[in-house]
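Commentary on secondary and tertiary structure
Chain by chain, the residues run as shown.
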Amino acid sequence: MSASFQLYSARNFTPWDDVFATLSDLGYTGVEGYGALYDDTAKVRAAMDATGLSMPTAHVGIADAENDLDGVVATAKALGIKTIFGPHVAAEDRPSDRAGWEAFAARLSAIQAALAPHGISYGWHNHDFEFVACDDGAIPMEVILDSAPELQWEADIAWIVRGGGDPIAWITKYADRISAIHVKDIAPAGENADEDGWADVGEGTMDWSGILNAVRSKTSASHFVMEHDNPSDMKRFATRSINNFKAL
(Lines give C-alpha, C1' and ligand atoms only; values in the text may rest on other atoms or scores of the structure.)
Protein backbone atom coordinates (compact mmCIF):
# COMPACT_ATOMS: atom_id res chain seq x y z
CA MET A 1 0.00 0.00 0.00
CA SER A 2 1.39 3.36 -0.99
CA ALA A 3 0.66 6.42 1.08
CA SER A 4 -0.75 9.61 -0.36
CA PHE A 5 -1.43 12.93 1.40
CA GLN A 6 -4.41 15.26 1.04
CA LEU A 7 -2.81 18.67 0.56
CA TYR A 8 -5.71 20.45 2.26
CA SER A 9 -4.10 19.19 5.46
CA ALA A 10 -1.07 21.40 4.73
CA ARG A 11 -2.89 24.57 3.64
CA ASN A 12 -1.66 26.48 6.69
CA PHE A 13 1.95 25.35 6.34
CA THR A 14 3.04 26.62 2.93
CA PRO A 15 5.13 27.38 0.85
CA TRP A 16 4.12 24.37 -1.18
CA ASP A 17 7.68 23.63 -2.30
CA ASP A 18 8.58 22.97 1.33
CA VAL A 19 5.46 20.87 1.87
CA PHE A 20 6.22 18.67 -1.14
CA ALA A 21 9.85 18.22 -0.06
CA THR A 22 8.80 17.26 3.47
CA LEU A 23 6.26 14.70 2.23
CA SER A 24 8.73 13.15 -0.17
CA ASP A 25 11.41 12.90 2.54
CA LEU A 26 8.92 11.15 4.83
CA GLY A 27 8.18 8.49 2.23
CA TYR A 28 4.90 9.61 0.71
CA THR A 29 4.64 8.74 -2.97
CA GLY A 30 1.50 10.69 -3.85
CA VAL A 31 -0.46 13.79 -3.02
CA GLU A 32 -4.13 14.58 -3.48
CA GLY A 33 -4.91 18.00 -4.86
CA TYR A 34 -7.62 20.50 -3.95
CA GLY A 35 -8.76 23.85 -5.30
CA ALA A 36 -5.96 26.12 -4.08
CA LEU A 37 -3.39 24.11 -6.04
CA TYR A 38 -4.90 24.66 -9.48
CA ASP A 39 -4.15 28.34 -10.01
CA ASP A 40 -0.55 27.66 -11.07
CA THR A 41 -0.31 24.12 -12.39
CA ALA A 42 3.16 24.70 -13.83
CA LYS A 43 4.55 25.51 -10.38
CA VAL A 44 2.83 22.51 -8.80
CA ARG A 45 4.03 20.24 -11.60
CA ALA A 46 7.59 21.46 -11.07
CA ALA A 47 7.36 20.80 -7.33
CA MET A 48 6.06 17.29 -7.98
CA ASP A 49 8.78 16.55 -10.51
CA ALA A 50 11.47 17.84 -8.15
CA THR A 51 10.32 15.56 -5.33
CA GLY A 52 9.18 12.49 -7.26
CA LEU A 53 5.58 12.83 -6.07
CA SER A 54 2.55 12.12 -8.23
CA MET A 55 -1.06 13.32 -8.00
CA PRO A 56 -3.25 10.38 -9.01
CA THR A 57 -6.36 11.76 -7.30
CA ALA A 58 -7.75 15.23 -6.70
CA HIS A 59 -10.73 17.07 -5.30
CA VAL A 60 -12.57 19.45 -7.63
CA GLY A 61 -15.70 21.37 -6.70
CA ILE A 62 -18.95 20.32 -8.35
CA ALA A 63 -19.58 23.78 -9.80
CA ASP A 64 -16.09 23.89 -11.30
CA ALA A 65 -16.62 20.54 -13.00
CA GLU A 66 -20.04 21.57 -14.27
CA ASN A 67 -19.15 25.07 -15.42
CA ASP A 68 -15.55 24.74 -16.61
CA LEU A 69 -15.03 21.19 -17.81
CA ASP A 70 -12.30 22.19 -20.26
CA GLY A 71 -10.37 23.91 -17.48
CA VAL A 72 -10.74 20.93 -15.17
CA VAL A 73 -9.53 18.55 -17.87
CA ALA A 74 -6.56 20.80 -18.63
CA THR A 75 -5.62 20.87 -14.94
CA ALA A 76 -5.91 17.10 -14.70
CA LYS A 77 -3.73 16.58 -17.76
CA ALA A 78 -1.11 19.05 -16.49
CA LEU A 79 -0.85 17.38 -13.08
CA GLY A 80 -1.34 13.76 -14.10
CA ILE A 81 -4.64 13.40 -12.24
CA LYS A 82 -6.43 10.15 -13.11
CA THR A 83 -9.41 10.31 -10.77
CA ILE A 84 -11.38 13.33 -9.60
CA PHE A 85 -13.65 13.30 -6.57
CA GLY A 86 -16.38 15.79 -5.81
CA PRO A 87 -15.42 16.86 -2.30
CA HIS A 88 -18.39 18.51 -0.60
CA VAL A 89 -21.76 20.19 -0.91
CA ALA A 90 -22.53 23.19 1.29
CA ALA A 91 -25.27 22.84 3.91
CA GLU A 92 -27.55 25.32 2.16
CA ASP A 93 -27.33 23.32 -1.07
CA ARG A 94 -27.97 19.86 0.38
CA PRO A 95 -31.17 18.09 -0.61
CA SER A 96 -33.62 17.18 2.13
CA ASP A 97 -35.27 14.04 0.73
CA ARG A 98 -34.72 11.03 -1.49
CA ALA A 99 -35.86 12.77 -4.65
CA GLY A 100 -33.45 15.60 -4.04
CA TRP A 101 -30.52 13.27 -3.49
CA GLU A 102 -31.45 11.30 -6.61
CA ALA A 103 -31.30 14.55 -8.58
CA PHE A 104 -27.95 15.31 -6.97
CA ALA A 105 -26.67 11.89 -7.99
CA ALA A 106 -27.79 12.63 -11.54
CA ARG A 107 -25.60 15.75 -11.51
CA LEU A 108 -22.63 13.65 -10.45
CA SER A 109 -23.42 11.12 -13.17
CA ALA A 110 -23.40 13.89 -15.77
CA ILE A 111 -19.94 14.99 -14.63
CA GLN A 112 -18.71 11.39 -14.75
CA ALA A 113 -20.01 10.98 -18.29
CA ALA A 114 -18.36 14.23 -19.39
CA LEU A 115 -14.97 13.30 -17.94
CA ALA A 116 -14.88 9.70 -19.11
CA PRO A 117 -13.97 10.47 -22.77
CA HIS A 118 -10.89 12.29 -21.44
CA GLY A 119 -9.71 9.21 -19.56
CA ILE A 120 -10.56 10.69 -16.16
CA SER A 121 -12.57 8.73 -13.60
CA TYR A 122 -15.01 10.47 -11.28
CA GLY A 123 -16.50 9.80 -7.89
CA TRP A 124 -17.72 11.26 -4.61
CA HIS A 125 -15.91 11.93 -1.33
CA ASN A 126 -18.15 11.86 1.73
CA HIS A 127 -18.41 13.81 4.93
CA ASP A 128 -20.71 12.97 7.85
CA PHE A 129 -24.01 14.37 6.58
CA GLU A 130 -24.38 11.70 3.90
CA PHE A 131 -24.99 9.12 6.65
CA VAL A 132 -27.74 11.02 8.47
CA ALA A 133 -31.23 9.93 7.44
CA CYS A 134 -33.55 12.44 5.81
CA ASP A 135 -37.07 12.86 7.19
CA ASP A 136 -38.30 10.34 4.63
CA GLY A 137 -35.74 7.78 5.80
CA ALA A 138 -33.38 8.13 2.85
CA ILE A 139 -29.66 7.80 3.62
CA PRO A 140 -27.93 10.25 1.21
CA MET A 141 -24.79 8.14 0.66
CA GLU A 142 -26.89 5.11 -0.15
CA VAL A 143 -29.01 7.09 -2.57
CA ILE A 144 -25.96 8.55 -4.32
CA LEU A 145 -24.26 5.19 -4.81
CA ASP A 146 -27.43 3.32 -5.78
CA SER A 147 -28.66 6.03 -8.16
CA ALA A 148 -25.31 6.52 -9.92
CA PRO A 149 -23.75 3.05 -10.21
CA GLU A 150 -20.89 4.27 -12.41
CA LEU A 151 -19.53 6.61 -9.73
CA GLN A 152 -16.49 5.67 -7.69
CA TRP A 153 -16.39 6.32 -3.96
CA GLU A 154 -13.55 7.81 -1.96
CA ALA A 155 -14.62 6.61 1.46
CA ASP A 156 -13.61 9.03 4.20
CA ILE A 157 -13.75 6.49 7.00
CA ALA A 158 -13.59 8.85 9.98
CA TRP A 159 -16.43 10.95 8.60
CA ILE A 160 -18.53 7.76 8.31
CA VAL A 161 -17.98 7.26 12.03
CA ARG A 162 -18.80 10.87 12.84
CA GLY A 163 -21.98 10.48 10.81
CA GLY A 164 -23.03 7.54 12.98
CA GLY A 165 -22.26 4.85 10.41
CA ASP A 166 -20.50 1.52 10.78
CA PRO A 167 -17.46 1.74 8.48
CA ILE A 168 -17.02 -2.03 8.08
CA ALA A 169 -20.68 -2.41 7.07
CA TRP A 170 -20.35 0.36 4.48
CA ILE A 171 -17.05 -1.01 3.17
CA THR A 172 -18.62 -4.44 2.83
CA LYS A 173 -21.82 -3.27 1.13
CA TYR A 174 -20.13 -1.02 -1.40
CA ALA A 175 -16.75 -2.72 -1.71
CA ASP A 176 -16.81 -2.67 -5.51
CA ARG A 177 -17.30 1.11 -5.54
CA ILE A 178 -14.40 2.09 -3.29
CA SER A 179 -11.31 3.11 -5.25
CA ALA A 180 -9.72 5.31 -2.56
CA ILE A 181 -10.04 5.97 1.14
CA HIS A 182 -9.18 8.84 3.42
CA VAL A 183 -7.11 7.61 6.33
CA LYS A 184 -7.78 9.94 9.25
CA ASP A 185 -8.35 9.53 12.96
CA ILE A 186 -10.63 10.82 15.69
CA ALA A 187 -9.28 11.99 19.04
CA PRO A 188 -10.79 10.68 22.29
CA ALA A 189 -13.81 12.68 23.42
CA GLY A 190 -12.79 16.07 24.75
CA GLU A 191 -9.25 15.93 23.41
CA ASN A 192 -7.56 17.91 20.62
CA ALA A 193 -10.20 20.63 20.66
CA ASP A 194 -7.73 22.97 18.96
CA GLU A 195 -7.59 20.46 16.09
CA ASP A 196 -11.38 20.08 15.79
CA GLY A 197 -11.25 16.75 17.59
CA TRP A 198 -9.13 15.01 14.95
CA ALA A 199 -5.97 13.02 15.67
CA ASP A 200 -2.90 11.84 13.81
CA VAL A 201 -3.49 8.50 12.11
CA GLY A 202 -2.99 5.69 14.61
CA GLU A 203 -3.08 8.04 17.60
CA GLY A 204 -6.85 8.22 18.00
CA THR A 205 -9.87 6.00 18.54
CA MET A 206 -10.25 4.46 15.07
CA ASP A 207 -9.57 0.73 14.64
CA TRP A 208 -7.31 1.26 11.66
CA SER A 209 -5.90 -2.24 11.77
CA GLY A 210 -9.34 -3.77 11.32
CA ILE A 211 -10.47 -1.13 8.84
CA LEU A 212 -7.43 -1.51 6.61
CA ASN A 213 -7.79 -5.26 6.72
CA ALA A 214 -11.37 -4.90 5.48
CA VAL A 215 -10.37 -2.45 2.76
CA ARG A 216 -7.51 -4.67 1.58
CA SER A 217 -9.57 -7.86 1.59
CA LYS A 218 -12.86 -6.57 0.22
CA THR A 219 -12.07 -3.67 -2.13
CA SER A 220 -9.69 -2.83 -4.93
CA ALA A 221 -8.84 0.54 -3.41
CA SER A 222 -5.38 1.64 -4.47
CA HIS A 223 -5.19 5.13 -2.98
CA PHE A 224 -4.73 5.52 0.78
CA VAL A 225 -4.80 9.24 1.52
CA MET A 226 -3.68 10.59 4.90
CA GLU A 227 -5.78 13.55 6.02
CA HIS A 228 -6.25 15.79 9.04
CA ASP A 229 -8.69 18.66 8.61
CA ASN A 230 -6.94 21.01 11.03
CA PRO A 231 -3.52 19.89 12.30
CA SER A 232 -1.61 22.29 14.54
CA ASP A 233 1.66 20.86 13.22
CA MET A 234 1.65 19.46 9.69
CA LYS A 235 5.03 17.75 9.91
CA ARG A 236 4.06 16.01 13.16
CA PHE A 237 0.83 14.80 11.60
CA ALA A 238 2.50 13.69 8.37
CA THR A 239 5.31 11.88 10.20
CA ARG A 240 3.23 10.03 12.77
CA SER A 241 0.58 9.12 10.22
CA ILE A 242 2.83 7.53 7.63
CA ASN A 243 4.85 5.71 10.28
CA ASN A 244 1.71 4.27 11.89
CA PHE A 245 0.16 3.50 8.51
CA LYS A 246 3.23 1.54 7.43
CA ALA A 247 3.28 -0.33 10.74
CA LEU A 248 -0.28 -1.47 10.05
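Details of the structure are given in the entry above.
Details of helix H10 (residues 234–247)
Taking 1.5 Å per residue, 14 residues should reach 20 Å; H10 reaches 20 Å between its end C-alpha atoms and fits that length. Along H10, the positions that sit buried rather than exposed are Met234, Phe237, Ala238, Ser241, Ile242 and Phe245. Seen along its axis, H10 keeps its buried residues to an arc of 110 degrees; they face one direction. Facing away from the buried side of H10 by more than 90 degrees, the exposed set consists of Lys235 and Ala247. As for H10, its buried residues are in contact with strand S1 (3–6), helix H1 (16–26), strand S7 (178–183), helix H9 (208–218) and strand S10 (223–226). The opening residue of H10 is Asp233, an N-cap whose side-chain oxygen sits 3.1 Å from the backbone nitrogen of Lys235.

So, the layout of surface pockets
Reported here for the largest pocket is a volume of approximately 450 Å³. The wall of the largest pocket is formed by 23 residues, among which Tyr34, Gly35, His59, Gly61 and Pro87 lie closest to the centre. Among the elements that take part in the lining of the largest pocket, helix H4 (residues 69–79) stands out by supplying three residues, more than any other. Among the residues forming the lining of the largest pocket, the class breakdown is nine nonpolar, nine polar and five charged.

What counts and how
Residues numbered from 1 in each chain as written. Predicted model: local features only at pLDDT ≥ 70, side-chain atom pairs only at ≥ 80, totals over all residues. Heavy atoms only, no water. Helix = DSSP H or I, 4+ residues; strand = E, 2+ residues; numbered from the N terminus. Expected span 1.5 Å × (residues − 1). Buried < 20%, exposed > 50% of the residue type's maximum accessible area, 1.4 Å probe, protein only. Arc of directions from axis to C-beta. Contact = heavy atoms within 4.5 Å. Polar contact = N/O pair within 3.5 Å; in protein donor to acceptor, adjacent residues only side chain to side chain. 1 Å grid on protein atoms, 1.4 Å probe; cavity = no way out; pocket = protein on both sides within 12 Å on 5 of 7 lines; lining within 4 Å. Points joined across faces, edges and corners; volume = space filled by probe spheres on them. Nonpolar A, V, L, I, M, F, W, Y, C, P; charged D, E, K, R; others polar.

Keep in mind these values describe shape, not function.
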